[in-house]
Amino acid sequence: MRIAFAADHGGSELRDELIQRLADTGHELIDLGGDGSDPADDYPDVALRLAEAIRGGEADRGILICGSGIGASVAANKVRGVRAAVAHDTYSAHQGVEHDALNVLCLGGRVIGVELAVECARAFVGASFSGAERHARRVAKVLAIEARELGPS
Ligand code: RB5
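Residues numbered from 1 in each chain as written. Predicted model: local features only at pLDDT ≥ 70, side-chain atom pairs only at ≥ 80, totals over all residues. Heavy atoms only, no water.

Let's talk about the site of the ligand
Inference 1: In the region of the ligand, the neighbouring residues are Asp 8, His 9, Tyr 43, Cys 66, Gly 67, Ser 68, Gly 71 and Arg 110.
Inference 2: In this structure, an oxygen atom belonging to the ligand sits 2.7 Å away from a main-chain N or O atom of Gly 67.
Inference 3: In isolation the ligand has 300 Å² of accessible area, and contact with the protein removes 72% of it.
Inference 4: Looking at the shell around the ligand residue by residue, the classes come out as two nonpolar, four polar and two charged. (Near = heavy atom within 4 Å. Polar contact = N/O pair within 3.5 Å; in protein donor to acceptor, adjacent residues only side chain to side chain. Areas by Shrake-Rupley, 256 points an atom, 1.4 Å probe, with all protein chains shown as cover. Nonpolar A, V, L, I, M, F, W, Y, C, P; charged D, E, K, R; others polar.)

Right, here's the structure in full:
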């Protein structure tokens, strides 16, 4: 699986740490920037870069980090095909994929510690959509809302 990483200045340290720590997963890790060198960067720009990689098929999943994870998730969810959420616990990080087809995990670099963030990221990348009828039905309803709001893809 190809996993894209991006962060604004509020998430750059955690992004660096996660890229290093997830190198042993066997997944292809794609660095979309956010080294913290620009303290005036804006999370919507970062989120758009990562969301477009998901939308365009260059990445299968993303891990997107800002100060709280909130702004990044709000912005990323504006892009068709992106299902982004903040998950600062391991249950939500894997259950979001299994039930809701979450494809972008958002984290708050000012909120969560490194070790828990690594565990959440591992839970996220290790999870697969369940395929259960009830989960597929609910995701299809989400996609119907997306199509209604954004037009057919
Ligand atoms: C940046 O200072 C901060 O506002 C941003 O990283 C994020 O927390 C927004 O949700």
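Section: the pairing of strand β3 (residues 61-66)
Regular strands place side chains that alternate from one sheet face to the opposite one.
Inference 1: Across the six residues of β3, six count as buried, placing the element largely inside the fold.
Inference 2: Taking every second residue as pointing to the same face, both faces of β3 are buried, with Arg 61, Ile 63 and Ile 65 on one and Gly 62, Leu 64 and Cys 66 on the other.
Inference 3: As judged from the five bridges shared by β3 and strand β5 (residues 104-108), these two strands associate in the parallel manner. Bridging from a neighbouring strand, Ile 63 pairs with Leu 105 of β5. (Buried < 20%, exposed > 50% of the residue type's maximum accessible area, 1.4 Å probe, protein only. Helix = DSSP H or I, 4+ residues; strand = E, 2+ residues; numbered from the N terminus. Pairing = 2+ DSSP bridges.)

Here's the deal with helix α6 (residues 133-150)
Given 3.6 residues per helical turn, the α-helix brings residues three or four places apart onto the same face.
Inference 1: An ideal rise of 1.5 Å per residue puts 26 Å on 18 residues; α6 measures up with 25 Å between its terminal C-alpha atoms.
Inference 2: Within α6, burial applies to His 135, Val 139 and Glu 146. Down the axis of α6, the smallest arc covering the buried residues is 25°, so these residues share one side. For α6, exposure combined with an orientation more than 90 degrees from the buried face picks out Glu 133, Lys 141 and Arg 148.
Inference 3: Tucked into the core, α6 has its buried residues touching α4 (90-100).
Inference 4: The positive-phi residue at the C-terminal boundary of α6 is Gly 151, with phi of around 90°. (Expected span 1.5 Å × (residues − 1). Arc of directions from axis to C-beta. Contact = heavy atoms within 4.5 Å.)

What to know about the packing of aromatic side chains
Inference 1: Using the criterion set out here, one finds zero aromatic pairs in the structure.
Inference 2: Just above the ring of Phe 124 sits the side chain of Arg 61; from NZ or CZ to the centre is 5.5 Å. (Phe/Tyr/Trp six-rings, centres within 6.5 Å; stacked < 30°, edge-to-face > 60°. Lys NZ or Arg CZ within 6 Å of the ring centre and 35° of its normal.)

Quick look at unusual backbone geometry
Inference 1: The backbone of Ala 101 sits at a positive phi, close to 55°, despite the residue not being glycine.
Inference 2: By the secondary structure assignment, Ala 101 is in the loop between α4 and β5.

Notes on the sheet that holds strand β4 (residues 84-86)
Inference 1: With parallel pairing, five strands are arranged side by side in an open sheet as β2-β1-β3-β5-β4. Edge strands, defined here as strands with exactly one partner in the open sheet, are β2 (28-31) and β4. Going from strand to strand, the sheet's axes swing by 25° on average, the running direction of each strand aside.
Inference 2: Set on the sheet, helix α2 (residues 43-55) makes contact with β1 (2-7), β3 and β5; between it and β3 the angle comes to about 175°. (Axes fitted to C-alpha atoms, helices over the stretch in contact; angles between N-to-C directions.)

Re a negative patch on the surface
Inference 1: A cluster of acidic side chains, namely Asp 35, Asp 38, Asp 42 and Asp 45, defines a negative patch on the protein surface.
Inference 2: Structurally, Asp 38 can be placed in the loop between β2 and α2.
Inference 3: The exposure class assigned to Asp 38 is partly exposed, which follows from its relative accessible area of 38%. (Patch = residues over 30% accessible without salt bridge, like charges linked within 9 Å, V, L, I, M, F, W, Y side chains within 5 Å. Salt bridge = Lys/Arg side-chain N within 4 Å of Asp/Glu carboxyl O. Lys, Arg positive; Asp, Glu negative; His and termini not counted. Charge placed at Lys NZ, Arg CZ, Asp CG, Glu CD.)

Focus on the environment of Asp 31
Inference 1: Position of Asp 31 among the secondary structure elements: in strand β2.
Inference 2: By relative accessible area, which is 46% here, Asp 31 ends up partly exposed.
Inference 3: Between the C-alpha atom of Asp 31 and that of Leu 50, which follows or precedes it by 19 residues, the distance is 9.5 Å.
Inference 4: With residues near it in sequence (within four places) discarded, Asp 31 still touches Phe 5, Arg 15 and Ile 19.

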